[in-house]
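Letter by letter, the chains look like this.
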Amino acid sequence: MSFFQWLGQVGVTLHPGGWGTTEKLLALLNLKPNELAIDLGCGSGRTLAYASEKFGVKVVGVDLVPSLASRALKRLKEKGLIGFAIAADIMVLPFQSETFHVAWAESVFVFLPKPDAFSEVARILKPKGRFGMIELTWRNEPRPEYCEQTRQFLGVQRYEVLTVQEWVAMLESSGLGVEVAEKMQSHAPHSSFSKWLSDWWDLMRLGFGLAKQVPISKWGEGARKIANLFRYTVPAIFVTVKKN
Ligand SMILES: C[S@@+](CC[C@H](N)C(=O)[O-])C[C@H]1O[C@@H](n2cnc3c(N)ncnc32)[C@H](O)[C@@H]1O
């Protein structure tokens with residue numbers, strides 16, 4: 001079972017930097033009521049619901065894993081929010097060109113072929129549309145062997161951590177002008193106690209889910225891989241505007 005299918009089974013998704021980084025990203029995107037917004041790789045839909053509730057945007061979520069898209073849709077419905085979520089591949093989005101005012105992605109583009117994935121984002125954005133993302137970058141020097149080990153461990157086709165400069169170059173070459181490229185100091189930027197608690201609650205649920213899936217003999221290896229995530233990488237926030 002791949003990492004994404006496993007996330008779908010556990011029903012919880014998370015991203016580097018936790019909830020504090022999500023709030024910062026959405027604040028930087030300057031969301032306005034009734035704008036049409038898309039969360040690319042929306043997972044279980046926590047950010048999707050928050051964006052709709054807090055900023056009044058009309059939201060669309062897409063995720064490759066049908067059970068995650070269903071969870072996101074259920075979350076919107078239960079809260080009576082305007083929007084929907086569907087199972088779709090970011091590489092071939094089922095939307096016309098120039099549809100969305102704003103798009104974002106949290107911990108998704110490390111898994112995707114670049115720059116093609118960014119070109120698809122640029123295609124569905126309206127002229128001057130905004131795209132923001134939270135992605136992994138190297139804490140110090142690049143560790144290519146970490147990417148390959150993690151790719152194999154997660155059972156995914158691609159896992160590429162880039163330097164901030166490499167991310168910026170990819171975005172720029174896809175027609176997305178970079179306005180903010182901020183490397184965070186750590187995986188747990190300062191946030192209130194309740195947000196910190198909610199991140200830890202989700203992490204615990206993921207941890208228990210993982211422990212149930214992985215044979216005991218692999219627990220040590222899994223723990224080392226997760227420790228390396230914190231040791232070698234930090235999250236970064238990028239905010240871009242479509243060039244024309
Ligand atoms: C680490 S999770 C992050 C989920 C969510 N953004 C969050 O922060 O909670 C990565 C997500 O990207 C989704 N994903 C990966 N490749 C995708 C693709 N090609 N198209 C759509 N979603 C994809 C996975 O199914 C998974 O839900």
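To be clear, the structure that these remarks concern was listed above.
Residues numbered from 1 in each chain as written. Predicted model: local features only at pLDDT ≥ 70, side-chain atom pairs only at ≥ 80, totals over all residues.

A. Expanded view of the site of the ligand. Every one of the 21 residues lining the ligand counts as a neighbour, but Thr13, His15, Gly41, Gly43 and Glu106 are closest to it. Put simply, the parts of the chain that give the shell around the ligand at least two residues each are α1 (3-10) and β2 (58-63). Per-class residue counts for the shell around the ligand are 13 nonpolar, five polar and three charged. (Near = placed C-beta within 6 Å. Helix = DSSP H or I, 4+ residues; strand = E, 2+ residues; numbered from the N terminus. Nonpolar A, V, L, I, M, F, W, Y, C, P; charged D, E, K, R; others polar.)

B. The arrangement of the environment of Thr47 in detail. Within the secondary structure layout, Thr47 lies in helix α3 (residues 46-55). For Thr47, a count of 25 C-beta atoms within 10 Å puts it in the buried group. With sequence-adjacent residues up to four places away left out, Thr47 is seen in contact with Thr22, Asp39 and Glu106. (Buried ≥ 20, exposed ≤ 12 C-beta atoms within 10 Å, placed from the backbone. Contact = placed C-beta atoms within 7 Å.)

C. How the structure looks around the packing of helix α2 (residues 18-28) against helix α8 (residues 193-213). Where α2 meets α8, the axes come as close as 7 Å, and the angle between the chain directions of the two elements is 120°. Judged by the inter-axis angle, α2 sits oblique to α8. Only Lys195, Ser198 and Asp199 of α8 make contact with α2, whose side of the interface consists of Gly18, Trp19 and Gly20. In terms of residue class, the contact of α2 with α8 is built from one nonpolar, three polar and two charged. (Axes fitted to C-alpha atoms, helices over the stretch in contact; angles between N-to-C directions. Parallel < 35°, antiparallel > 145°, perpendicular 65-115°, else oblique.)

D. View of the sheet that holds β2. Within the open sheet, the seven strands sit side by side as β3-β2-β1-β4-β5-β7-β6. Their pairing is mixed. The sheet is open, and its two edges are formed by β3 (83-87) and β6 (176-183), each paired on a single side. Taking the axes of each pair of neighbouring strands and ignoring which way they run, one obtains an average angle of 15° across the sheet. By the bridge criterion, six bridges tie strand β4 (residues 100-106) to strand β5 (residues 125-138) in an arrangement that is parallel. The residue bridging Trp104 from the neighbouring strand is Gly132, located in β5. Relative to the sheet, helix α5 (residues 116-124) contacts β1 (36-40), β4, β5, β6 and β7 (233-242), its axis offset from that of β5 by approximately 150°. (Pairing = 2+ DSSP bridges.)

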